[in-house]
Amino acid sequence: MLLLLGCAGPGNSASKPVDTAETADPGDTATESASDTHESAPDSDTGTAGPCEGEPDPERDTSLEGLLGRLEAQGCLADADEDLLVAEIDTFFAKETVWCDAVWRVSSADGLWFEGEPERVHEHGSVPDVTVGPDGAHWLVVNDLTPGKFAEVLREDPARFWRQGYIGIGGIGLWREGESGFEEEDLDMSLPVPEIVVDPDLSWDGSRARLATFAAVWPSMDGFDPGAADLPHTFYRAEGESLTAFDPPVAVVEHGIGDGGMDPTILDVEGGEILFIGSNKLPLLGWSAPGGVYPELGTPADIEGGMLVGAPDAAVDDDGYRLYVWDPAVDQVGLLTSTDGSDWTPVGLVVDPAIGVTQNPSVVRDPDGTWWLYYAQKDAACVEAVEGGG
């Protein structure tokens, strides 16, 4: 029997980044969005450094929450506070292997069995998701965990935190495949506040882009783990006219049972869509949105798959629907299939064991019919260096 479990995704400081009406309709302009309830991101070109010049108040709050609170309120930090915050981040990275994830890919003719020599396509990124863009290229989003990136953005362009979240520790990075590999693209998610935004699910339908995410903020988290954030967990949906710029995110699902869930993915079905989440402690859960209208926040899932799933990724095939998921019992990718999006049948593992660990799957099909599996795998040398104190 296939065992399918979950892994580790916008939120805010005192209030949620997006409030919704009784139903969340991503296409309804009456739905209250982040831009209606919060100030927009600071303009990095209009002198936001004013409140951060000179020596800070010696009686100020220098806790992590205090530092991040001032960053949100001021759009920047004094040099001394920048140093304190960077030191806090560096201490975390020195003892955690989360930044050791690399993204790999391997292809398949039918998406039912992946084998062959995998290709390493990205460093220091977890929970990858990929879509085919309007140019036919692969567009890749990841939890960007590049060492030193948080400090660089904090000191040089803190307004970027409002566009991508806390990039470098819990924000979304975007890359497009070109002739020389994947190249980073500018991304603007129009966030109401800087926050930990993770576990992206990106799609392009030929005319508009869609991005689903999970997020958390301090003080709701224990350290830097969004999966351990206070319940309920909230999942967001945003649309844009391109893959690089999105409207403010809208909260569409809120779940507070078990571990709250992580890793959202949206499946397009006839007449609407379904948002699924992964969990370490709960069965497959999905929320139907007929016509794109989600139920009131806090409404229980209307789809329960009966099996534990981790990091689901939705796909449409010629015969129905697929969910690629992570099976932590063997650190491999498994597959569920359905003809209606509601009733799911486990098929089994779909990756040649010789490839090794394959976590947090994302699968996309090229116009020529080739299926590509993108997945995360930790770099052994990186893990050894962290665990060995080097």
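Going by the structure above, here's the rest.
Source: prediction; values computed, not measured.

Asker: Any chance you could explain the overall build of the chain here in plain terms?
Answerer: On a plain count of helices and strands, the chain comes out with 6 helices and 21 strands. Carbon and sulfur atoms form 47% of the exposed surface of the chain, whose accessible area is close to 16,000 Å².

Asker: I tried to follow the sheet that holds strand β12 (residues 262-269) on my own but got confused; where do I start?
Answerer: Within a sheet, neighbouring strands are paired by backbone hydrogen bonds and run either parallel or antiparallel to one another. Judged by pairing direction, the sheet is antiparallel, and its 4 strands sit side by side in the order β12-β13-β14-β15 without closing on themselves. Each of the sheet's edge strands pairs with one partner strand only, and the pair in question is β12 and β15 (303-308). Going across the sheet, the axis of each strand differs from the next one's by a mean of 20°, ignoring polarity.

Asker: Explain the pattern of salt bridges to me, please; I cannot follow it from the model alone.
Answerer: Side-chain pairs of opposite charge can arise where the charged atoms are in close proximity. Per the counting criterion, the structure on display carries 22 salt bridges. Measuring nitrogen to oxygen at the nearest pair gives 2.9 Å for the salt bridge that ties Glu-119 to Arg-105. You can see Glu-119 sitting in strand β2 (residues 119-123) and its partner Arg-105 sitting in strand β1 (residues 101-108), a full 14 residues away along the chain. Taking the relative accessible area as the measure of exposure, Glu-119 reaches 37% and is therefore partly exposed. Under the relative-accessibility criterion, Arg-105 is labelled buried at 7%. Across the salt bridge formed by Asp-144 and Lys-149, the nearest N and O atoms sit 2.6 Å from each other. For the pair Asp-144 and Lys-149, a shared accessibility class is recorded, and that class is buried. Overlapping salt bridges, with partners in common, bring together Arg-208, Arg-210, Arg-237, Glu-239, Asp-247, Asp-268 and Glu-273 in one network.

Asker: Looking at this structure, I do not really get the environment of Cys-382. What am I missing?
Answerer: As for its placement among the helices and strands, Cys-382 is situated in helix α6 (residues 380-387). Between the C-alpha atoms of Cys-382 and Val-98, which are 284 residues apart in sequence, the distance is 10.0 Å. Leave out the neighbours within four places in its chain, and Cys-382 touches Trp-99 and Cys-100.

Asker: Sorry if this is basic, but what is going on with the sheet that holds strand β10 (residues 233-240) here?
Answerer: With respect to topology, 4 strands assemble into an open sheet ordered β8-β9-β10-β11, the strand pairing being antiparallel. Among the strands making up the open sheet, the edge pair consists of β8 (196-204) and β11 (250-255). Between one strand axis and the next, the sheet turns by 20° as a mean value, whatever way the strands run. Of the strand pairs in this sheet, β10 and β11 are connected by 5 bridges, and their pairing is antiparallel. Paired with Tyr-236 across the two strands is Ala-251, which belongs to β11.

Asker: How should the environment of Cys-52 be read in this particular structure?
Answerer: Note on placement: Cys-52 falls in the loop between α1 (34-37) and α2 (64-74). Accessibility expressed as a relative area gives 8% for Cys-52, which makes it buried. Separated by 22 residues in sequence, Cys-52 and Gln-74 have C-alpha atoms that sit 7.6 Å apart. Beyond its immediate chain neighbours, meaning those up to four positions away, Cys-52 contacts Gln-74, Cys-76, Leu-77, Ala-78 and Asp-79.

Asker: Where do I start with the state of the cysteines in this structure?
Answerer: Such a bond, covalent and formed between the sulfur atoms of two cysteines, is termed a disulfide. The final tally for this structure, using the stated rule, is 2 disulfides. Between the sulfur of Cys-52 and that of Cys-76 lies a disulfide, 2.0 Å long from S to S. The S-S bond linking Cys-52 to Cys-76 shows a torsion near 90°; that makes this disulfide right-handed. Pair noted here: Cys-52 is in the loop between α1 and α2 and Cys-76 is in the loop between α2 and α3 (79-95), with a separation of 24 residues, a long-range link.

Asker: Would you take a moment to explain unusual backbone geometry for this structure?
Answerer: Working note: non-glycine residues mostly have negative phi, and peptide bonds are mostly trans. The omega angle of the peptide bond from Leu-231 to Pro-232 is 0°, so this bond is cis rather than trans. Positionally, Pro-232 belongs in the loop between β9 (209-216) and β10. Positioned with a positive phi, Asp-263 is a non-glycine residue whose angle comes to about 50°. Secondary-structure assignment places Asp-263 in strand β12. Phi is positive for Asn-360, close to 50°, though the residue is something other than glycine.

Asker: Help me understand α6 in this model?
Answerer: Think of an α-helix as turning once every 3.6 residues; residues three or four places apart then point the same way. Those residues of α6 that fall on the buried side of the exposure criterion are Cys-382, Val-383 and Val-386. For α6, the angular spread of buried residues about the axis comes to 95°, placing them on one side. Facing away from the buried side of α6 by over 90 degrees, the exposed positions are Ala-380, Ala-381 and Glu-384. The backbone nitrogen of Ala-381 has a side-chain oxygen 3.2 Å away, supplied by the residue at the start of α6, namely Asp-379.

Asker: Where do I start with the pairing of β9 in this structure?
Answerer: Every other side chain in a regular strand lies on the same face of the sheet, so the side chains alternate between the two faces. Across the 8 residues of β9, 8 count as buried, placing the element largely inside the fold. Alternating residues of β9 divide into Ala-209, Leu-211, Thr-213 and Ala-215 and Arg-210, Ala-212, Phe-214 and Ala-216, and every residue in both groups is buried. In the sheet, β8 pairs with β9 via 7 bridges, with the strands oriented antiparallel. Looking across to β9, one finds that Val-198 is bridged to Phe-214. Pairing geometry for β9 and β10, over 7 bridges, is antiparallel. Within β10, the residue paired with Ala-215 across the bridge is Thr-234.

Criteria and thresholds
- Residues numbered from 1 in each chain as written.
- Predicted model: local features only at pLDDT ≥ 70, side-chain atom pairs only at ≥ 80, totals over all residues.
- Heavy atoms only, no water.
- Helix = DSSP H or I, 4+ residues; strand = E, 2+ residues; numbered from the N terminus.
- Areas by Shrake-Rupley, 256 points an atom, 1.4 Å probe, with all protein chains shown as cover.
- Pairing = 2+ DSSP bridges.
- Axes fitted to C-alpha atoms, helices over the stretch in contact; angles between N-to-C directions.
- Salt bridge = Lys/Arg side-chain N within 4 Å of Asp/Glu carboxyl O.
- Buried < 20%, exposed > 50% of the residue type's maximum accessible area, 1.4 Å probe, protein only.
- Contact = heavy atoms within 4.5 Å.
- Disulfide = S-S within 2.5 Å.
- Arc of directions from axis to C-beta.
- Polar contact = N/O pair within 3.5 Å; in protein donor to acceptor, adjacent residues only side chain to side chain.

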